[in-house]
Amino acid sequence: MIYIPEYFDLQELACPHIFKKFGKVTWQFFDPRLLKTLDWLRESLNKPIFVNSWQIGGSLDERGFRCIKCELVKKAIEEKRLYVSPHMTGQGADFDVKGMTPTEVRLWLGKHETDLPFPIRLEKNVDWVHLDVRDATTKPDQKIVYFNP
């Protein structure tokens, strides 16, 4: 089932290549768990969350859904490196929260782990927040898995 988030525009969550080719149909490529989790986080924090900025003239365009034309993916392909990312399956997003550091966001999520609508993975030791819904939990009551790239 397609879920359209309340707090995020499609252009903010998709790279420009995908958006320009598919338009609103792009929503079908997203895992609804990611979109519902981002909405839950935005509502729970009551603070703006920023993913991509290309749609308003900014330089950020690969922090949500990525395709094979995106620089990070193209580079991996050119270098013949294996590149499997939740960004390419509509399951992951990188973002910033207004007024909070990435560490503060990760700590907040840890304190509210039981409230999360779905299990998530959080990347550690980066200057942004990476959240994805790729299945990685190992315990029934575990809702957050921390990882290093």
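The structure under discussion appears in the preceding block.
Rules and cut-offs
Residues numbered from 1 in each chain as written. Predicted model: local features only at pLDDT ≥ 70, side-chain atom pairs only at ≥ 80, totals over all residues. Heavy atoms only, no water. Helix = DSSP H or I, 4+ residues; strand = E, 2+ residues; numbered from the N terminus. Rg over C-alpha atoms; globule rule 2.2 N^0.38 Å. Buried < 20%, exposed > 50% of the residue type's maximum accessible area, 1.4 Å probe, protein only. Contact = heavy atoms within 4.5 Å. Areas by Shrake-Rupley, 256 points an atom, 1.4 Å probe, with all protein chains shown as cover. Lys, Arg positive; Asp, Glu negative; His and termini not counted. Charge placed at Lys NZ, Arg CZ, Asp CG, Glu CD. Pairing = 2+ DSSP bridges.

## Let's talk about the overall build of the chain
- When helices and strands are tallied, the chain shows five helices and five strands.
- Helices and strands appear in the chain in the N-to-C order α-α-α-β-α-β-α-β-β-β.
- A globule of 149 residues ought to have a C-alpha radius of gyration of about 15 Å, and the chain, at 15 Å, matches this closely.
- For the C-alpha atoms alone, the extent of the chain along its principal axes is close to 40 × 35 × 30 Å.
- Scored against the burial criterion, the 149 residues of the chain give a buried share of 46%.
- Put simply, 63% of the contacts in the chain that link residues at least 6 apart link residues at least 24 apart.
- Surface summary for the chain: the accessible area is close to 8500 Å², and the carbon and sulfur share equals 54%.
- The centroid of the 22 positive side-chain charges in the chain is displaced by 3 Å from the centroid of its 21 negative side-chain charges.

## Things to note about the pairing of strand β3 (residues 120–123)
- In β3, alternate side chains face the same way, and those of Ile 120 and Leu 122 on one face and Arg 121 and Glu 123 on the other are all buried.
- Note: β3 against strand β5 (residues 144–147), four bridges, orientation parallel. Counted as the bridge partner of Arg 121 is Val 145 from β5.
- Bridge count for β3 against strand β4 (residues 129–132) is two bridges, and the pairing is antiparallel.

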